[in-house]
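# Observations on chain architecture
Listed here are the chains, written in short residue letters.
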Amino acid sequence: MTQLTGASSRYLDARVATASQPELQLMLLEGALRFGRQAETLWNAADQRAECNALLTRTIDILEELVRGATLGTTEASNRLEAEYAFAFRQLALAQLNHDAAPLNAAMKLLEFQRETWKLACEKLRAE
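Residues numbered from 1 in each chain as written. Predicted model: local features only at pLDDT ≥ 70, side-chain atom pairs only at ≥ 80, totals over all residues. Heavy atoms only, no water.

This part covers the overall build of the protein. Within the protein one finds five helices and zero strands. What you see in the protein, going N to C, is helices and strands ordered as α-α-α-α-α. Taking the intrachain contacts of the protein between residues at least 6 apart in sequence as the baseline, contacts between residues at least 24 apart amount to 63%. About 7900 Å² of surface is accessible on the protein, with carbon and sulfur atoms providing 56% of the total. (Helix = DSSP H or I, 4+ residues; strand = E, 2+ residues; numbered from the N terminus. Contact = heavy atoms within 4.5 Å. Areas by Shrake-Rupley, 256 points an atom, 1.4 Å probe, with all protein chains shown as cover.)

Glancing now at the pattern of salt bridges. As enumerated under the stated definition, the model contains six salt bridges in all. The shortest N-O distance in the salt bridge between Glu112 and Arg37 comes to 3.3 Å. Here Glu112 is found in helix α5 (residues 101-127), whereas its partner Arg37 is found in helix α2 (residues 21-42), with 75 residues between them in sequence. Classification of Glu112 as partly exposed rests on a relative accessible area of 32%. Classification of Arg37 as partly exposed rests on a relative accessible area of 33%. Note that Arg68 and Glu65 form a salt bridge whose closest N and O atoms lie 2.6 Å from each other. Taken as a pair, Arg68 and Glu65 lie in helix α3 (residues 49-70) at a separation of three residues, close to a single helical turn. The class of Arg68 is partly exposed, set by a relative accessible area of 43%. Taken together, the shared-partner salt bridges in this structure form one network comprising Glu64, Glu65 and Arg68. (Salt bridge = Lys/Arg side-chain N within 4 Å of Asp/Glu carboxyl O. Buried < 20%, exposed > 50% of the residue type's maximum accessible area, 1.4 Å probe, protein only.)

Now the structure itself:
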């Protein structure tokens, strides 16, 4: 994994600081998907198991933050979102614990669906 350069880090800090709530959700989901996909590419390489686990841990950390954020809401939509993120979190934990690709695939599929949903929400907000 590469570290962010100073310019990249400043850009990301500025982007996060000026993002709307839907844009923040989208950024978190894109990060989780990026790390999850990287883990998938290393999944069957025995000599890369530690790196794969590190990538899964980063994905799980992002999901933990998404769950935490969803718990702040009191609407039916936020409760459903919390349940979906918690499901993905559990699936990733199972995948990591048992080195089982099936729960990883289930989590990635849900995260991709969520990313597309938040992407549409962001596009709608920009259009308004």
